[in-house]
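Here's the letter readout for the chains.
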Amino acid sequence: MGADSLATQSKEMVETSRLYEYFEPDDEWKLKLGRDGDPILKNVWDVTSRAEHVPFNQSLHVNKLFKIGDLPVGAMFTGVSSLGNWPVRSIVSEFVDQLKSDADLVSTYRVEALVVCPHNYDG
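Description of the structure in this document. (Residues numbered from 1 in each chain as written. Predicted model: local features only at pLDDT ≥ 70, side-chain atom pairs only at ≥ 80, totals over all residues. Heavy atoms only, no water.)

## Digging into the overall build of the chain
- When you go through the chain residue by residue, the secondary structure sums to 4 helices and 8 strands.
- When the 123 residues of the chain are sorted by exposure, 20% land in the buried category.
- For the chain, long-range pairs separated by at least 24 residues make up 58% of all intrachain contacts whose partners lie at least 6 apart in sequence.
- When the accessible area of the chain is evaluated, it comes to approximately 9,100 Å², of which 53% is carbon and sulfur surface. (Helix = DSSP H or I, 4+ residues; strand = E, 2+ residues; numbered from the N terminus. Buried < 20%, exposed > 50% of the residue type's maximum accessible area, 1.4 Å probe, protein only. Contact = heavy atoms within 4.5 Å. Areas by Shrake-Rupley, 256 points an atom, 1.4 Å probe, with all protein chains shown as cover.)

Quick look at the structure:
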């Protein structure tokens, strides 16, 4: 198995032009008011709900191939290098550590079980 070594990091970002609807361009860009006289922008969540995951950094020389403990199988990831602040390398390492404690799975492993297991992994 082989993989390239480039990984993307992303951030939640809000494009400023998407916020214009909350402001009055004809009134010195003050906050728009609703029919009740209160600002239509109620809290920070009104802004963050507009956020998108945007690539902002590329990491070179990232290990995307991982051996799963002593089993004759491996795992590979593509694209992102982390989930939030949690690097994929750490996720795999913790999963392998948890897997080592599951003697039944290790002694009678099936690839299907190894695929399902990470979906149920809660870190």
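## Examining the side chain of Arg50
- Counting through the fold element by element, Arg50 comes out in the loop between α1 (44–48) and β4 (52–59).
- Reaching out from Arg50, the side chain makes a polar contact with the side chain of Glu21 at a distance of 2.5 Å.
- Among residues more than four places away in sequence, those in contact with Arg50 are Met13, Val14, Arg18, Leu19, Glu21 and Tyr22. (Polar contact = N/O pair within 3.5 Å; in protein donor to acceptor, adjacent residues only side chain to side chain.)

## Let's talk about the pattern of salt bridges
- Tallied over the full model, the rule gives 2 salt bridges.
- Residues Glu52 and Arg18 are paired through a salt bridge, measuring 3.5 Å at the closest nitrogen-oxygen approach. Placement of the pair is Glu52 in strand β4 and Arg18 in the loop between β1 (7–13) and β2 (23–24), with a sequence separation of 34 residues.
- Looking at Glu52, the relative accessible area reads 40%, which means it is partly exposed.
- Its salt-bridge partner being Glu21, residue Arg50 comes within 2.5 Å of it at the nearest N-O pair. Residue Arg50 is located in the loop between α1 and β4, and its partner Glu21 is located in the loop between β1 and β2; the two are separated by 29 residues in the primary sequence. (Salt bridge = Lys/Arg side-chain N within 4 Å of Asp/Glu carboxyl O.)

## Re the packing of aromatic side chains
- Tallied over the entire structure, the rule returns 1 aromatic pair.
- With a centroid separation of 5.4 Å and an interplanar angle of 50°, the aromatic rings of Tyr20 and Trp29 are classed as tilted.
- A residue is classified by how much of its surface remains accessible, and Tyr20, at 47% relative accessible area, is partly exposed. (Phe/Tyr/Trp six-rings, centres within 6.5 Å; stacked < 30°, edge-to-face > 60°.)

## Side note on unusual backbone geometry
- Here the phi dihedral of Glu28 falls at roughly 55°; this positive angle occurs in a residue that is not glycine.
- Overall, the relative accessible area of 68% leaves Glu28 in the exposed class.
- Within the chain, Trp29 stands out as a residue other than glycine whose phi angle is a positive 55°.
- Mapping Trp29 onto the fold places it in the loop between β2 and β3 (30–31).

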